[in-house]
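Working through the structure, step by step
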Amino acid sequence: MNQLESLRLAALDLGFDAAAWVTPKVPTQEIQGFETWLENGQQAGMDYLERSVARRADVRTTFAPTKSALVLMVSHNHPIPEKPSGGTRVGRVARYAWSKDYHSTLKPVLQQLEQVALSMGIKAKACIDHAPILERGFAVRAGLGWVGRSSQIISTELGALTTLAVLLTDLELETENPHPDRCGKCTACVTDCPTDAIMTNRTIDSRVCIAYYTVEHRGAVPLELRRKFGQHLFGCDDCLDVCPWTKHTGRFSNLLEPIPALVFPDLEPWFLQSGTWFEKHFAQTAFSRARRKGMARNAAIVLGNLADEQHLWLLKQSITDVGWEVREASAWALGCFEHHKAQKLLETALQDPDPRVQSTAARALAGEFRAT
Ligand code: B12
Ligand code: SF4
Ligand code: SF4
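1. Comments concerning the overall build of the protein chain
Regarding its fold elements, the protein chain presents 18 helices and eight strands. Taken over C-alpha atoms, the radius of gyration comes to 22 Å for the protein chain, in line with the 21 Å a tight globule of 372 residues would show. Considering only C-alpha atoms, the protein chain reaches an extent of 75 × 40 × 35 Å along its principal axes. Pairs at least 24 residues apart make up 76% of the contacts formed inside the protein chain by residues separated by at least 6 positions.

2. Observations concerning the site of ligand 1
Neighbouring residues of ligand 1: 37 residues in total, closest Gly33, Ala94, Ile153, Ala211 and Gly235. Of all the secondary structure elements, the ones that give two or more residues to the shell around ligand 1 are α2 (28–39), α5 (135–142), β7 (162–169), α7 (210–216) and α9 (238–241). For the shell around ligand 1, the class distribution of residues is 20 nonpolar, 10 polar and seven charged.

3. Description of the environment of Lys67
With respect to the helices and strands, the residue Lys67 is situated in the loop between α3 (53–57) and β2 (68–75). Here the alpha-carbon distance between Lys67 and Lys25, two residues 42 residues apart in the chain, equals 8.6 Å. Those residues in contact with Lys67 that lie beyond four places of it in its chain are Pro24, Asp170, Leu171, Glu172 and Leu173.

4. What about the site of ligand 3?
In the vicinity of ligand 3 lie 13 residues, with Gly148, Cys183, Cys186, Cys189 and Cys243 positioned nearest. Among the secondary structure elements, those contributing two or more residues to the shell around ligand 3 are α6 (188–192) and α10 (244–247).

5. A few points about the pairing of strand β1 (residues 18–22)
A regular strand places its side chains so that they alternate between the two faces of the sheet. Within β1, five of the five residues are buried, which leaves the element mostly enclosed by the surrounding structure. Neither face of β1 is open: one carries Ala18, Ala20 and Val22, the other Ala19 and Trp21, and all of them are buried. Two strands pair when backbone bridges link them, and β1 and β2 are joined in this way by five bridges, in the antiparallel orientation. Its bridge partner being in β2, Trp21 is matched across the sheet by Leu70.

6. Looking at the nonpolar core
Counting 105 residues, the largest nonpolar core has Val71, Leu72, Met73, Val166 and Leu334 as the members making the most contacts within it. Top element by residues in this core is helix α14 (residues 287–306). It accounts for nine residues. A domain-level breakdown of this core finds at least three residues from each of domain 1 (3–169) and domain 2 (267–365). With residues near it in sequence (within four places) discarded, Val71 still touches Ala19, Ala20, Val22, Phe138, Ala139, Ala142, Leu144, Leu164 and Val166.

7. Topic: the packing of helix α16 (residues 324–334) against helix α18 (residues 355–365)
Put simply, α16 and α18 touch, their axes get as near as 8 Å, and they point 5° apart. Comparing the axis directions of α16 and α18 gives the class roughly parallel. The residues of α18 that touch α16, namely those facing Trp324, Arg327, Glu328, Ala331, Trp332 and Leu334, are Arg356, Val357, Thr360, Ala361 and Ala364. Here the residues of the contact of α16 with α18 sort into seven nonpolar, one polar and three charged.

8. What to know about the packing of helix α17 (residues 340–349) against α18
In the contact formed by α17 and α18, the axes pass within 8 Å of each other and the chain directions differ by 145°. Both α17 and α18 take part in a crossing whose hand is left-handed. Taken together, the residues of α18 that come into contact with α17 (itself represented by Gln343, Leu346 and Ala349) are Val357, Ala361, Ala364 and Leu365. For the contact of α17 with α18, the residue count by class is six nonpolar, one polar and no charged.

9. Some words on the environment of Leu144
Relative to the assigned elements, Leu144 resides in the loop between α5 and β5 (146–147). For Leu144, a count of 27 C-beta atoms within 10 Å corresponds to the buried category.

Calculation criteria
Residues numbered from 1 in each chain as written. Chains lettered and ligands numbered in written order. Predicted model: local features only at pLDDT ≥ 70, side-chain atom pairs only at ≥ 80, totals over all residues. Helix = DSSP H or I, 4+ residues; strand = E, 2+ residues; numbered from the N terminus. Rg over C-alpha atoms; globule rule 2.2 N^0.38 Å. Contact = placed C-beta atoms within 7 Å. Near = placed C-beta within 6 Å. Nonpolar A, V, L, I, M, F, W, Y, C, P; charged D, E, K, R; others polar. Buried ≥ 20, exposed ≤ 12 C-beta atoms within 10 Å, placed from the backbone. Pairing = 2+ DSSP bridges. Core = buried A, V, L, I, M, F, W, Y, C linked by C-beta atoms within 7 Å. Domains from an automatic or database assignment. Axes fitted to C-alpha atoms, helices over the stretch in contact; angles between N-to-C directions. Parallel < 35°, antiparallel > 145°, perpendicular 65-115°, else oblique. Left-handed = near helix turned anticlockwise from the far one by under 90°.

Rendered as structure tokens:
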């Protein structure tokens, strides 16, 4: 067995669900596609992506000896665990965030793979989002799947709910095995996206994507999108859940174990506890990226969309939160209720020190956000 195959099998032994080799050359067309995406402003507030074009075009800027890449895929198509009791557990969390943060969970496994490579005399560097790499293009050319209309890599074996990582190595390799497109006439993800964020060129416009707003975005969420968020608390899997290739797969990796308290988080402490408490409690989870204020803002939007009177006491707390974005989202949420208590709270919010909160409270009182 050659070294390429030995290392690939070692990756599968370590728990990756799929692994395949590819030459590290990035086609000009792909980097141009990335640039066009940026020129169109589809990155929304993710400015850091603009600074990485040159590095994405040549992975040797990340690891100079690179002559090949082993693309690794892990499924996060977990079964749904049992809901814990107590607390206010409403809203939906995207599956990638059901386990401890995949970056920290997979890091030691990737380090083990680097060690295996080293013991074989191979120079190797593992990357999982830390380095600017067009991972999806690598996955297609390695033959692991194709870029679906949802822009997600779809695998015939693992479906759409997967995470990607790359091991750059100095092993010589020239061949490529690009996966053919298997979307056919299906457009399920496009029609199912609640915000029409999927473009015809198979890219996402982050400016309207729920995954972007609930995970990456700081500050207020555009008013016109909030109803469309439905119960999405963190991330969004709508375009992946609906994919027929996901429906036909049942496998999930043991590397990423779902934690019930992350699948069904209790919203109460996000409104009642401090940012420091949140950081300690949710360290090494994907939630830490949005921080307490982001999660409380998202939670307020979900509570508004539910408009269930039993949650009004939480919005009474959050309308005086230290974060203006939490108070602003709470004013919007209170505007979704018909209840007199909501009206009273909104009247107080008219005196809020932040004009953005005052403005939303006034529009809420005018009945602008009520379900029609
Ligand atoms: C920025 C980002 C986002 C943004 C923008 C998403 C997007 N689709 O561009 C936001 C915040 C919205 C997002 C959301 C999600 N993300 Co994200 N995200 C990224 C990140 C950091 C960069 C992606 C990027 O550069 N986008 C810009 C576009 C232009 O580049 P691209 O998607 O890579 O597209 C290239 C390929 O399509 C390639 N290409 C190659 N062959 C072909 C063939 C054809 C026909 C076409 C059209 C294109 C094509 O050309 C394009 C470049 O020009 C990557 C990590 C990384 N290092 O790549 C993760 C990543 C793409 N995200 C991931 C995940 C899991 C998600 C979510 C599912 C999380 C969730 N549940 O909430 C959602 C899915 C939303 C969606 N439908 O894409 C995974 C995807 C894994 C996979 N199997 O595809 C990645 C790879 C992270 C990882 N390490 O696993 N994400
Ligand atoms: S993640 Fe949600 S909002 Fe974003 S493209 Fe997919 S379905 Fe649309
Ligand atoms: S839902 Fe249909 S169109 Fe979308 S990625 Fe899956 S197969 Fe392709």
